[in-house]
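Residues per chain, in single letters:
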Amino acid sequence: MIERDIFVKMESMNPGGTGKDRAAFAMIAKAEEDGLLPKCGGGVVVEGTSGSTGIALAAICNTHGHECIIVMPDDQALEKQDLLRHLGAKVEVVKCAAISNPKHYVNVARQIAKDLSDRGKHAFFTNQFENGANFVAHYSTTGPEIWTQTGGKIDSFVMSSGTGGTISGVGLYLKSQDKNVKVILVDPPGSSLFNKVKYGVAYASEQKEQGIRRHRYDTIAEGIGLDRVTHNFSLGLQHGAIDDAILITDQEAVEMAHWLIREEGFFVGSSSAMNIMGAVKSAMEMEKGSQIVTIICDSGQRHITRFWNKKFIELRGLSWPEECPSLDKY
């Protein structure tokens, strides 16, 4: 149909259901190696997350004998909270806030870890956004896997960014193998990362105080888009691993998700839909015969109450596709 090949790396098939398994395992292993967590178990792992990293951490903490405490913003799908509790994690849900606010979910998690440490507990704040083990996990595993699985025949890697660990780690590895591989960021409405990549300034018009609806990146997509540049994302920028950026709207993500379930049998979450729509639109700017890789981050099963909820979608002013959407207009 588009005369280009788009391949998806199925990170949704990892044991924890997302690519966050890689970063979670790497961060816990590094903390144990550095003595920040006891190797024999008995520590407390604390993290602020939109859900997927928390789920991965909770599962790994079970096998390592650590307690897990997760702080989440209140705009995430309820099924993520339920899954976390079933995995044995303690979950605290807080109101959405800017990162400069002490009540932002990441700051609350950091404070919980500090309070526990002050009381003599072996508490470790994983700090996924700033923890370099996140980047290393993808540079040393995801990137090499993609290179091997494509036989080194890849023209572009296209994906969104949450912590920045995946796009930076994978992007830098692929460029170490072939400097001509183009790495493109997919960014949702309201995120400042698009402008950071394109123009060097981390700002989006939605960040005007009078225009903010709930927080500084107004999108139905969960776990991607930020109003700041993290350490992991900056590693990609500093080393020239991210070449360009593309904006994808919420409506485009909804239409792609419905097209995928009806045409390919893929039931995906919001960020995966954004990734694939970004890959399609980017592919159309490339030569015919090009090979593009993106990532299916997780299944739609974690997005039933929001992204796959017709009432929720329509309340956000979006259209729910009653028939299979046509991608011809893209």
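Quick caveat: nothing in here was measured; it's all calculated off a predicted structure. The written sequence of each chain sets the order in which its residues are numbered from 1. In keeping with the model being predicted, local features are shown solely for residues with a pLDDT of at least 70 and side-chain atom pairs are shown and tallied solely at 80 or more, while totals for entire chains, interfaces and linings include all residues. Side-chain measures were taken over the full set of non-hydrogen atoms in the model, leaving aside hydrogen atoms and water.

Description of the overall build of the chain
So, step 1. In this description a helix means any DSSP run of H or I spanning at least four residues, a strand means any run of E spanning at least two, and both kinds are numbered starting from the N terminus. Across its full length, the chain holds 11 helices and 9 strands.
So, step 2. Using C-alpha atoms as the atom set, the radius of gyration is obtained and then compared with a globule rule of 2.2 Å times the number of residues to the power 0.38. What you see for the chain is a C-alpha radius of gyration of 19 Å, in line with the 20 Å of a compact globule of 330 residues.
So, step 3. Taken along its principal axes, the extent of the C-alpha atoms in the chain is 60 × 45 × 40 Å.
So, step 4. Residue burial in the chain is summarised as follows: out of 330 residues, 60% are buried.
So, step 5. Residue contacts are defined here by distance: any two heavy atoms, one from each residue, within 4.5 Å place the two residues in contact. Counting contacts in the chain only where the partners sit at least 6 residues apart, residues at least 24 apart contribute 72% of the total.
So, step 6. Per-residue accessibility takes into account occlusion by the displayed protein chains alone, with areas from the Shrake-Rupley method and a 1.4 Å probe. Split by element, the accessible area of the chain, about 14,000 Å² in all, is 51% carbon and sulfur.
So, step 7. Charge counting follows a simple rule: Lys and Arg are positive, Asp and Glu are negative, and His as well as the terminal groups are ignored. Here the site of a charge means atom NZ of a Lys, CZ of an Arg, CG of an Asp or CD of a Glu. Taken as two groups, the 35 positive and 40 negative side-chain charges of the chain have centres that lie 4 Å from each other. The rule is simple: take the accessible area with a 1.4 Å probe, protein chains only, and divide by the maximum for that residue type; under 20% is buried, over 50% is exposed, in between is partly exposed.

Looking at the side chain of Ser 272
So, step 1. Along the polypeptide, Ser 272 turns up in helix H10 (residues 270-283).
So, step 2. Here Ser 272 falls in the buried class, since its relative accessible area comes to 0%.
So, step 3. The contact partners of Ser 272, leaving out residues within four places of it in the chain, are Ile 295, Ile 296, Cys 297 and Asp 298.

Here's the deal with the confidence of the model for the chain
So, step 1. Predictor confidence is given residue by residue as pLDDT, running from a minimum of 0 to a maximum of 100. Summing up the model confidence of the chain, the mean pLDDT is 93 and the portion of residues at 70 or higher is 95%.
So, step 2. Per-residue pLDDT stays below 50 along residues 207-217; that stretch engages in 31 contacts with residues further than four places along the chain or on separate chains.

Overview of the packing of helix H1 (residues 20-33) against helix H2 (residues 52-64)
So, step 1. Axes, fitted as lines to C-alpha atoms, cover a helix only where it is in contact. Angles between the N-to-C directions of the axes lie from 0 to 180 degrees. Close contact between H1 and H2 brings their axes to 8 Å; oriented N to C, the two are set at 50°. As far as their axial angle goes, H2 and H1 are oblique. Two packed elements cross with a definite hand, and for H1 against H2 that hand is right-handed. Counted together, Lys 20, Asp 21, Ala 24, Phe 25, Met 27, Ile 28 and Glu 32 of H1 and Ser 52, Thr 53, Ala 56, Leu 57, Ile 60, Cys 61 and His 64 of H2 form the full contact between these two elements.
So, step 2. The residue makeup of the contact of H1 with H2, split by class, is 8 nonpolar, 3 polar and 3 charged. Convention used here: angles under 35 degrees read as roughly parallel, angles over 145 as roughly antiparallel, angles from 65 to 115 as roughly perpendicular, and any remaining angle as oblique. Left-handed is the label given to a crossing in which the near helix is rotated counterclockwise from the far helix by less than a right angle, and right-handed is the label when the rotation is clockwise. Here the term charged refers only to Asp, Glu, Lys and Arg, the term nonpolar to Ala, Val, Leu, Ile, Met, Phe, Trp, Tyr, Cys and Pro, and the term polar to all other amino acids, Gly among them.

Considering the packing of aromatic side chains
So, step 1. Stacked, edge-to-face and tilted labels apply to pairs of Phe, Tyr and Trp rings (six-membered ring for Trp) whose centres lie within 6.5 Å, assigned for plane angles under 30 degrees, over 60, and everything in between, in that order. By the definition in use, this model includes 5 aromatic pairs.
So, step 2. A centroid spacing of 5.9 Å and a plane angle of 85° characterise the contact between Phe 307 and Trp 308, whose relative ring orientation is edge-to-face.
So, step 3. Joined through ring pairs, the aromatic side chains of Phe 267, Phe 307, Trp 308 and Trp 320 make up one cluster.

With respect to the pattern of salt bridges
So, step 1. Put simply, a salt bridge is a Lys or Arg side-chain nitrogen that is within 4 Å of an Asp or Glu carboxyl oxygen. The tally for this structure, following the rule as stated, stands at 15 salt bridges.
So, step 2. Measuring nitrogen to oxygen at the nearest pair gives 2.8 Å for the salt bridge that ties Glu 252 to Lys 281. Remark: Lys 281 occurs in helix H10 and Glu 252 occurs in helix H9 (residues 250-263); sequence separation between them is 29 residues.
So, step 3. Residue Glu 252 is classed as buried on the basis of its relative accessible area, which comes to 9%.
So, step 4. By sharing partners, the salt bridges in this structure join Lys 9, Glu 11, Arg 22 and Glu 145 into a single network.

Regarding the environment of Val 280
So, step 1. Structurally, Val 280 is set in helix H10.
So, step 2. As for Val 280 and Asn 101, which are separated by 179 residues in sequence, their C-alpha atoms are 37 Å apart.

Quick look at the pairing of strand E2 (residues 44-48)
So, step 1. Most of E2 sits inside the fold, with 5 of its 5 residues counted as buried.
So, step 2. Where burial is concerned, the two faces of E2 agree: the one with Val 44, Val 46 and Gly 48 and the one with Val 45 and Glu 47 are both buried.
So, step 3. Any two strands between which DSSP finds at least two bridges are classified as paired. Where E2 and strand E3 (residues 67-73) come together, 5 bridges link them in parallel fashion. Following the sheet pairing, Val 44 is matched in E3 by Glu 67.
So, step 4. Look down the strands so they point away from you; if going from the first strand over the helix to the second traces a clockwise path, that crossover is right-handed. Where the polypeptide runs from E2 across H2 and back to E3, its parallel neighbour, the crossover connection is right-handed.

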